[in-house]
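Okay, here's what each chain looks like letter by letter:
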Amino acid sequence: MLTVQDLTKHYGPRIALADVSFSLEPGEFFGLLGPNGAGKTTFMSLVAGLRPADAGEIFFNGERFSPERIEQRAQLGYVPQDLALYVDLTAEENLRLFGQLYGLSGALLRERVAEGLRAAQLEKRRAEQVRKFSGGMRRRLNLVAAVMHHPKLLLCDEPTVGVDPQSRNAIFEFVEKLHAAGTTVVYSTHYMEEATRLCSRIGILDHGKLLAIGTLDELLAELPFTEQIRIARNDATSPHEAIFQQFGQVSTGDDAYILQPRAGLHLSEFFAAMERVDVPYRHLTVTRPSLENVFLHRTGKSLRDG
Ligand SMILES: Nc1ncnc2c1ncn2[C@@H]1O[C@H](COP(=O)(O)OP(=O)(O)OP(=O)(O)O)[C@@H](O)[C@H]1O
Ligand SMILES: [Mg+2]
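Residues numbered from 1 in each chain as written. Chains lettered and ligands numbered in written order. Predicted model: local features only at pLDDT ≥ 70, side-chain atom pairs only at ≥ 80, totals over all residues. Heavy atoms only, no water.

Chemist: Requested: an account of the pairing of strand E10 (residues 209-214), with residues and values cited.
Modeler: Relative to E10, strand E9 (residues 201-206) is paired through 5 bridges, and the arrangement is antiparallel. What sits directly across from isoleucine 204, in E10, is alanine 212. Hairpin connection, E9 to E10: the antiparallel pair is bridged by 2 residues, and histidine 207 has positive phi, about 50°. (Pairing = 2+ DSSP bridges. Helix = DSSP H or I, 4+ residues; strand = E, 2+ residues; numbered from the N terminus.)

Now the structure itself:
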């Protein structure tokens, strides 16, 4: 469906994307996970044909992508991170305009506008100017405006930034529905929870480089531990770190220790020691590592720190 090869982009001396290569099969839900400044928007804008790459190639369905080719662009939907709406127009007028730009008219256009308003949960506010909308409402409209023509490949650039959990869920459901109907999705985010929940394959981007790519299982498999143990303290001053260190790598958070067991450790040994030494704690949880751990493992820094 989409292949990028050695895609590279500089802004002056700054490198925003460096030799990014990967391929997507039709129907994939691909996540591009990376902190601020990683190059996500740059990647999206190159694939959307809004900016030229300095080097590298983009192929759609095996054919070289050229922004001038209308039939290629018609297969593409782009949800920009910076909202692309006309605030002086109403919700309905915006959708009609986007639909017309994609060549829709007549009954089909009316149908798609109605579908969009319904999906964005803005039917009741259809006749209001977008400038009177909240940020979350604008995000929802921005998303449906990009899919008026039912694209085969949808590029979503951080579509949930700044929205409340309810709008976020509405956006997830909408994109998941498009995906279920056969749309291939590229979804950028700096929230590992979103990438974990939505995406069948994830690429980790940092400083313009694609550091890793794979399914969640494949990415987690590169970690030297398969679970983490969180030990919530009941006494902030208790000096138990040394005990935990026998079992693996320990980090100390505000109210808990996080233990990453060393390879080959039987968890029963750890629990036996906890009982033997009678370490006081509030509760223990054994969890699966996350993409945050993968990012930390690869870059030595936290995804949250940027
Ligand atoms: N128009 C521009 N001119 C100069 N530098 C730019 C421009 N756009 C982006 N950059 C730089 O390119 C790098 C990648 O930026 P980009 O916007 O692609 O990152 P991002 O992953 O989308 O970040 P965010 O999560 O903050 O949206 C950054 O260092 C940024 O400062
Ligand atoms: Mg961005």
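Chemist: Residue-level account of the pattern of salt bridges, with values.
Modeler: Scanning all chains against the criterion turns up 16 salt bridges. Residue arginine 64 is joined to glutamate 57 by a salt bridge in which the shortest nitrogen-to-oxygen separation is 2.8 Å. Take arginine 64: its relative accessible area is 47%, and that puts it in the partly exposed class. For glutamate 57, a relative accessible area of 27% corresponds to the partly exposed category. Here arginine 288 makes a salt bridge to aspartate 217, at a shortest N to O gap of 2.5 Å. Placement of arginine 288 in the loop between strand E14 (283-287) and helix H11 (291-299) and of aspartate 217 in helix H8 (residues 216-221) is noted, with a sequence separation of 71 residues between them. (Salt bridge = Lys/Arg side-chain N within 4 Å of Asp/Glu carboxyl O. Buried < 20%, exposed > 50% of the residue type's maximum accessible area, 1.4 Å probe, protein only.)

Chemist: Describe the packing of aromatic side chains, with residues and values.
Modeler: Working definition: an aromatic ring pair is given by the centre-to-centre distance plus the angle between the planes. All told, the structure shown has 8 aromatic pairs when counted by the stated rule. A ring pair is formed by phenylalanine 244 and phenylalanine 270, whose centres lie 6.3 Å apart and whose planes are at 50°; its orientation type is tilted. On the criterion of sequence distance, the pair formed by phenylalanine 244 in helix H9 (residues 241-245) and phenylalanine 270 in helix H10 (residues 267-277) is long-range, its members being 26 residues apart. Accessibility expressed as a relative area gives 0% for phenylalanine 270, which makes it buried. Linked through ring pairs, Phe244, Phe247, Tyr257, Phe270 and Phe271 together constitute an aromatic cluster. Seen from the ring of tyrosine 191, arginine 168 lies directly overhead, with NZ or CZ sitting 4.4 Å from the centre. (Phe/Tyr/Trp six-rings, centres within 6.5 Å; stacked < 30°, edge-to-face > 60°. Lys NZ or Arg CZ within 6 Å of the ring centre and 35° of its normal.)

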